[in-house]
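The chain contents come next:
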Amino acid sequence: MVESIDGRIDCGMVDKISGDEYYTTLNSLGCDASVEGRVTMEHYYALPEKFMAKDKTPLGKKEVFKSTDRNDFHICPDTKGTLQWDNAIMEDGRPLLVLTSESTPMEYISYLRSKGISYIATGKENIDLADAMDILGNEFGVKRLAVLGGGLINGGFLADGLIDEVSLLLAPGIDGRKGWRTMFDGISDQTKMPTKLRLQSVERLDNDVLWIKYEVKIIK
């Protein structure tokens, strides 16, 4: 993730205070696949029209569909099955994989199959991220996943204990506008203790950007 020093991650804003460091550092991390939040995927990649199921009957069970032997997926969480796609291959040449819940309409599941889009449906009302990660590893061959935001999907992975490393680009700028997401956001449990980190390295990059890498500190 790249953020201003006050923790904001709005793409349009951070583009003005950083260069290409996001892409060069991400490529160096050696991740098999990546996941971005639904809002980000809708804004940049999905078709403009939402999927409107005529029959709302939910899938009602866990189901996995694997349409390719590749593991370099561009992953989109879509809990209720709302986004439509041009095809199963993204603009960057990687296959799309949708994470959804068992409450998504069967009609949407049929739509994904008709497009040849891989999916994992797990979790009664919301996506069971922990189970989805087990399936990604065991059935899709993804061993290292980059979680690229936004703040809500980052917060979801954090809340479920699924973050083991943090790669942060701290860009030299201050945002200060109210109402914008931060790097990890949306956790409603006010009793949750902070996740402690152990510093791995700090590197100064071009444009006065700091690349800070942490590992999650396991508390015994």
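Here the structure is a predicted model, which means the values were calculated and not measured.

A. Representation of the nonpolar core in the model. Counting 27 residues, the largest nonpolar core has Ile75, Leu97, Leu99, Ile120, Leu136, Phe140 and Phe157 as the members making the most contacts within it. Dropping the residues within four chain positions of it, phenylalanine 140 is found in contact with Val64, Phe65, Lys66, Arg70, Asn71, Phe73, Leu97, Ser118, Tyr119, Ile120 and Ile135. Counting residues in hydrophobic clusters, the runner-up holds 20 residues, among them Ala46, Phe65, Trp85 and Ile117.

B. Summary view of the packing of aromatic side chains. Tallied over the entire structure, the rule returns seven aromatic pairs. A centroid spacing of 5.6 Å and a plane angle of 35 degrees characterise the contact between phenylalanine 65 and tyrosine 119, whose relative ring orientation is tilted. Linking phenylalanine 65 in strand β3 (residues 63-65) with tyrosine 119 in strand β6 (residues 118-121), this pair joins segments that are 54 residues apart in sequence. Each ring, one from phenylalanine 73 and one from phenylalanine 140, has its centre 5.6 Å from the other, and the planes form 80 degrees; the classification is edge-to-face. Within this pair, whereas phenylalanine 73 is found in the loop between β3 and β4 (74-77), its partner phenylalanine 140 is found in helix α5 (residues 129-140), the two being separated by 67 residues in sequence. Using a relative accessible area of 0% as the deciding quantity, one classes phenylalanine 73 as buried. Under the relative-accessibility criterion, phenylalanine 140 is labelled buried at 2%.

C. Quick peek at the layout of surface pockets. When its volume is computed, the second largest pocket comes out at roughly 720 Å³. Lining the second largest pocket are 31 residues, with Leu145, Ala146, Val147, Asp164 and Glu165 positioned closest to its centre. Within the residue set of the lining of the second largest pocket, elements represented by two or more residues are α2 (21-28), α5, β7 (145-147), α6 (151-159), β8 (165-170) and β10 (210-216). Grouping the amino acids of the lining of the second largest pocket by side-chain chemistry returns 20 nonpolar, five polar and six charged.

D. Summary view of the sheet that holds strand β1 (residues 2-3). Strand order in the open sheet formed by four strands is β1-β8-β10-β9, and the pairing between neighbours is mixed. The open sheet is flanked by β1 and β9 (197-204), the only strands paired with a single partner. As paired elements, β9 and β10 share seven bridges and run antiparallel to each other. Residue pairing for β10: arginine 198 is matched across the bridge by glutamate 215. On the sheet, α2 packs against β1, β8 and β10 and is oriented at approximately 160 degrees with respect to β8.

E. Highlighting unusual backbone geometry. For the peptide bond that leads from glycine 149 to glycine 150, omega is 5 degrees, which places it in the cis range. Here the phi dihedral of asparagine 207 falls at roughly 65 degrees; this positive angle occurs in a residue that is not glycine. Along the polypeptide, asparagine 207 turns up in the loop between β9 and β10. Its relative accessible area of 45% is what places asparagine 207 among the partly exposed residues.

Reading the values: rules and limits
Residues numbered from 1 in each chain as written. Predicted model: local features only at pLDDT ≥ 70, side-chain atom pairs only at ≥ 80, totals over all residues. Heavy atoms only, no water. Core = buried A, V, L, I, M, F, W, Y, C linked by side-chain atoms within 4.5 Å. Buried < 20%, exposed > 50% of the residue type's maximum accessible area, 1.4 Å probe, protein only. Contact = heavy atoms within 4.5 Å. Phe/Tyr/Trp six-rings, centres within 6.5 Å; stacked < 30°, edge-to-face > 60°. Helix = DSSP H or I, 4+ residues; strand = E, 2+ residues; numbered from the N terminus. 1 Å grid on protein atoms, 1.4 Å probe; cavity = no way out; pocket = protein on both sides within 12 Å on 5 of 7 lines; lining within 4 Å. Points joined across faces, edges and corners; volume = space filled by probe spheres on them. Nonpolar A, V, L, I, M, F, W, Y, C, P; charged D, E, K, R; others polar. Pairing = 2+ DSSP bridges. Axes fitted to C-alpha atoms, helices over the stretch in contact; angles between N-to-C directions.

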